[in-house]
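# Fold and contact review
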Amino acid sequence: MEAVLDQVSWFATGYAVLVALVAGYAAYRWRARPPWLASLAWMLEFLVGLRSVLGLLSLGSVQPDSMATHIGYLLATPCVVPLALQSVRDDEGPWSLGVIGVAAVAVAVLSWRIVGTL
């Protein structure tokens with residue numbers, strides 16, 4: 001089960017980096033948020049939500065180094081993207097791209113740390 005959790009975590013980490021790079025490119029190229037970037041961010045949210053549910057369900061069989069830290073990462077990761085998207089709901093400018101990019105980087109770091117606590 002731990003191998004599946006690691007694979008989902010690494011995939012979410014890579015996808016989060018991709019979303020951050022796309023947000024950065026959109027800020028450089030178009031200076032406005034494309035409508036499909038929110039869809040990419042919601043797909044990232046689905047991935048980290050799936051990872052969190054699987055991680056919480058496997059706590060009986062998987063023993064992380066620090067249980068409190070691991071559970072904190074599992075619970076915090078799915079909260080980042082919805083908060084970022086809600087805060088820039090009506091903003092289509094380059095600052096909204098920065099918020100989404102920073103949120104994606106934060107999700108990437110948290111996903112990487114989830115793997116590190118196992």
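A short tour of the structure in this document, coming up. (Residues numbered from 1 in each chain as written. Predicted model: local features only at pLDDT ≥ 70, side-chain atom pairs only at ≥ 80, totals over all residues. Heavy atoms only, no water.)

Here we take up the overall build of the protein. On a plain count of helices and strands, the protein comes out with four helices and zero strands. Shown N-terminal to C-terminal, the secondary structure of the protein runs as helices and strands in the order α-α-α-α. For the C-alpha atoms alone, the extent of the protein along its principal axes is close to 45 × 20 × 20 Å. Looking at the protein residue by residue over its 118 residues, the buried ones come to 45%. Across the protein, every contact between residues at least 6 apart in sequence was considered, and the portion connecting residues at least 24 apart equals 79%. Roughly 6,300 Å² of accessible area belongs to the protein as shown, and the carbon and sulfur atoms make up 70% of that amount. Across the protein, the 6 positively charged side chains and the 7 negatively charged ones have centroids separated by 9 Å. (Helix = DSSP H or I, 4+ residues; strand = E, 2+ residues; numbered from the N terminus. Buried < 20%, exposed > 50% of the residue type's maximum accessible area, 1.4 Å probe, protein only. Contact = heavy atoms within 4.5 Å. Areas by Shrake-Rupley, 256 points an atom, 1.4 Å probe, with all protein chains shown as cover. Lys, Arg positive; Asp, Glu negative; His and termini not counted. Charge placed at Lys NZ, Arg CZ, Asp CG, Glu CD.)

In this structure, Arg-31 is a non-glycine residue whose phi angle is positive, near 60°. By secondary structure assignment, the location of Arg-31 is in the loop between helix H1 (2–29) and helix H2 (36–57).

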